[in-house]
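Below, each chain spelled out in residue letters.
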Amino acid sequence: MKVLKTLLLVAGGLVALIVLVIAIVAATFDPNKHKPEIAAAVKDKTGRTLAIEGNLALTFFPSIGIAVGRTSLSEPDGRGIFARFDDARMSLALLPLFSRQVVVNRVTLSGLTADLVKRKDGKTNFDYLLNAPERTAAVKREAKSAPQREAMHLDIAGIEIRSSAIGWRDESSGNRFKASIAEFRTGRIASGVPGKLSLSARVEATQPKADYQVRLSGDYRLNFEKQTFAFSGIDLKISDAAPGSKAPPLSLKGDVEFDASPQAIRFTLAADQVNLDRYLPPPPPKPAAGAPKGASPSSMKPEEPIDLSALNALNLKGDLKIEQLIASNVKLEKVHLGVRAAGGRVDAEPLTADLYQGKLSGAASANAKTNRFALKADLGGVSLGPLLKDALNNNLLEGRGSVALDVQTGGATVSAMKKALSGNASLALRDSSLKGVNLGELLRKAKSLSGSSPPAEQGATASERTDFSELGASFVIRNGIAHNDDLSAKSPLLRLAGSGDVDIGASSIDYLIKASVVATSGGQGGKELAELRGVTVPVKVSGPLDAPRFRADLRAAVGDAVKQGAEDKLRERAQDRLKSLLRR
């Protein structure tokens, strides 16, 4: 007992001595005297100028702490400011370090400003800051010689960042990005311990142009041993920060899990209103009036390739529901999308939505290894006219019914994919219209001019249309050209059949409609059409899809009619001759 008492007294004396020494050092040590030495060391290692304008404050027990006032770090050449902050504070508990536990009190940072730049030569203004040659070599040497040790256990009471901003500028493209953080707060950060975080920030960009207010909150749980992260109860709101904007905000809720070891992501998310067109670059402008045929701004430079390489490392499984979605100006509701990604392939199934008074059901896929896409979709009860207008800015055809697609394509660019498109498509419409031309009027004009020069091609006119009670067609698509040979359309006046090609890559049409007059009326043809009753008139449709041209070939129709009449007379004569022979 006496020995134990003596040991305790010695240990107590040593602790008291250590505390006394630390107290004396803390009371007498002035870190501000060492500012020039710190700045010189930074200059020597990085070539940058460190300016500590505020005070330095240190604590040693019961925690090792530091508080730094206004500080700035220059660009690599010493000119201009790379980063600065107004105040930074952090303290580290001393005793847990002996058991390899890093216990940090709340970390606070305010007034941070950092400008990140990518030069025209591809280098950035922070390359050597993170990967200085001396530092890299030292790390490699240490990695070879250092024995494996038990991992540190990290425990942070919380992180708080206020009034800070990080900017990015690409000097080659001119792109600029800036994230201004009003406040970012977390709860405790420790393995297996749940916490809460909140973020309020503003995001600005030039390409695509953006100015958004972002608010995020939710619960998180980290597992450092298994390298997993779970973010649940996500509540994300992105609203337009432009003054006077009436655009509805994007609201996203759900759960996300991330596993760092196989880099796998799992999610279940739901959004109310999403307009993807707000976050994408605007489409290229159309060629100016009088420009050469086929000229476009993109024709002056090579088309940018489609890069799917990011999909190779993607391991994803999730479920997304969107109440209202706008994508490429197409408007959808009640969207349900299931996503799986692995090995460079992404599959979207199920893919369902309500759109244009109908329903979509299908599946889609993309393969990064072959740069190929596939889509299989059935649209039932869809109003086709508004859909074509929004999707393709083309209203050549309208009506309500069903459309089926089963197509595949591949290639390095959008143009190449259009030319490589293959598969099948079909449509069946009721109460439909062919817009841009009144076929009955076109035939009437052709008949009225039958004794003179034939009528010239007639361009599509927005006010003209031909109505049908039903219309159906199927297409076989090969190398970007959709071929049809079973067009069938009916109206009180006409019956249509037809065949021809739609060149998807060139956005052009080469088609022959065979129009037969089955009835007449004073308002849709009069006497001229009455004389064409029972005659099939070829109508040639050609030119660009957004401005097709129509020509009715009445001479061919008359020739066919004369030929048919001659054949009928010969047939009648042969039958009469046969009857007379039988009577003998």
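Residues numbered from 1 in each chain as written. Predicted model: local features only at pLDDT ≥ 70, side-chain atom pairs only at ≥ 80, totals over all residues. Heavy atoms only, no water.

Asker: Which residues make up the side chain of Thr186, and what values go with them?
Answerer: Following the sequence through the fold, Thr186 ends up in strand β12 (residues 176-186). In this view, Thr186 contacts Arg106, Gly158, Ile159, Lys196, Leu197 and Tyr220; residues no more than four positions away in its chain are not counted. (Helix = DSSP H or I, 4+ residues; strand = E, 2+ residues; numbered from the N terminus. Contact = heavy atoms within 4.5 Å.)

Asker: Quick rundown of the nonpolar core? Include the residues and the values.
Answerer: The nonpolar side chains of soluble globular proteins are, as a tendency, buried together. Ranked by internal contacts, the top residues of the largest apolar core, which has 77 residues, are Leu332, Leu379, Leu387 and Leu439. Leu439 has contacts with Leu434, Thr466, Phe468, Leu494, Leu496 and Val539, leaving out every residue within four places of it along the chain. Membership of the second largest hydrophobic core comes to 14 residues, among which are Leu56, Ala83, Leu109 and Ile161. (Core = buried A, V, L, I, M, F, W, Y, C linked by side-chain atoms within 4.5 Å. Buried < 20%, exposed > 50% of the residue type's maximum accessible area, 1.4 Å probe, protein only.)

Asker: I'd like a rundown of helix α2 (residues 35-46), residues and numbers included.
Answerer: In this model, α2 (12 residues) spans 16 Å end to end at C-alpha, consistent with the 16 Å of a helix rising 1.5 Å per residue. Immediately downstream of α2, the backbone of Gly47 shows phi near 75 degrees, a positive value. (Expected span 1.5 Å × (residues − 1).)

Asker: How would you sum up helix α5 (residues 384-392)? Please name residues and give values.
Answerer: Turning to α5, its buried residues number three or more, namely Leu384, Gly385, Leu387 and Asp390. In this fold, the buried residues of α5 make contact with β20 (330-342), β21 (345-355), β23 (372-383), β24 (397-410) and β25 (422-435). Positioned one or two residues after α5, Asn393 has a phi angle of 55 degrees, which is positive.

Asker: Give me the lowdown on the environment of Ser463, citing residues and values where you can.
Answerer: Relative to the helices and strands, Ser463 is located in the loop between β26 (458-459) and β27 (465-478). You can call Ser463 exposed: its relative accessible area is 62%. Distance from Ser463 to Gly436, taken between C-alpha atoms, is 6.8 Å for residues 27 residues apart in sequence.

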